[in-house]
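Read off the chains here:
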Amino acid sequence: MGQATEPPQRIISLTPHLTELLVDIGAERRIVATDDASDYPPQVRALPHVANYRSINIEALLAQKPDLVVAWRSAQARMLAPIEQLGIPVFYSEPTDFASLGQEMRALGERLGLQQNANAQADAYLARLATLKAKYGHGESISVFYQLWNPPLTSVSGYAWPAQAITLCGGRNLVDNAASPYPQVGLEQIIKANPQLILAGSRDTHVLDHWQQWPMLDAVKQHRLALINSDELHRFTPRALNAVEQVCQAIAAARSPQP
């Protein structure tokens, strides 16, 4: 087999979800560098960093002599144009919904000669996704507000993964039709919409305390305010389904009348 057809052995990952996927499909030992945000699984933290969310250090990247760079198309394709011009192959990722992640895992496995591992991981992921849909996706619709940030009060809409999770779990996202995926919203708008459930992607146990100022809201009155693991939900990997299940469980609990 000629060198040109050998699977890549020196891979640089420029985004956290791809670093995690590489480990998932069995390519951990081939990763020679990552970006600053790649922190899972913990062993990847010791690798050299050649990028952050704003820029790529081209000299540091080239010094690692990669035979494949994996990156996020919409965020990094323009920055990687010089790398592609030098003839270094780039695998671009752009998952658009939960199902498409399985396709990306298979494509990455094929590119690396790890089809069997990648297909097994994709199959397991898609099976769990189907189970969550079947278990939680068909009950009474619950109105949900997802607090991404505050202040300013910011939410999620459209194809942002937390918005997709709400829909998958049978919820109705109150800002689903916003023009941007991460819209800033007015407090008055949410009070008027009166969500039955308020979620926040955070580990800060006090991040939802400000809603207690509005005891007339159904979500506050019924104690339906829940934290979701944002490290999982906002990262495009199979681990996201752990957080999706949290969303589903919160929506299922909101369907049950308080004693």
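Look a little higher up for the structure.
Let us look at the structure shown here. This is a predicted model, so every value here is computed, not measured.

Conventions used here
Residues numbered from 1 in each chain as written. Predicted model: local features only at pLDDT ≥ 70, side-chain atom pairs only at ≥ 80, totals over all residues. Heavy atoms only, no water. Disulfide = S-S within 2.5 Å. Helix = DSSP H or I, 4+ residues; strand = E, 2+ residues; numbered from the N terminus. Buried < 20%, exposed > 50% of the residue type's maximum accessible area, 1.4 Å probe, protein only. Phe/Tyr/Trp six-rings, centres within 6.5 Å; stacked < 30°, edge-to-face > 60°.

**Observations regarding the state of the cysteines**
Tallied over the full model, the rule gives one disulfide. Here Cys 169 engages in a disulfide with Cys 248; their sulfurs sit 2.0 Å apart. Because the torsion about its S-S bond is -75°, the bridge between Cys 169 and Cys 248 counts as left-handed. Separated by 79 residues along the polypeptide, Cys 169 in the loop between α7 (161–168) and β6 (171–173) and Cys 248 in helix α11 (residues 240–255) bring together distant segments of the chain. Residue classification places Cys 169 among the buried positions, given a relative accessible area of 0%. Judged by relative accessible area, Cys 248 falls into the buried class, the value being 0%.

**Considerations on the packing of aromatic side chains**
This model, assessed by the stated rule, comprises four aromatic pairs. Summarising the aromatic geometry, the rings of Phe 145 and Trp 211 are spaced 5.8 Å apart at their centres and angled 70° between planes, so their arrangement reads as edge-to-face. Taken together, the residues Phe 145 in strand β5 (residues 142–147) and Trp 211 in the loop between β7 (197–201) and α9 (218–221) connect sequence positions 66 residues apart. We classify Phe 145 as buried; its relative accessible area is 0%. Of the residues examined, Trp 211 reaches a relative accessible area of 0% and is grouped as buried.

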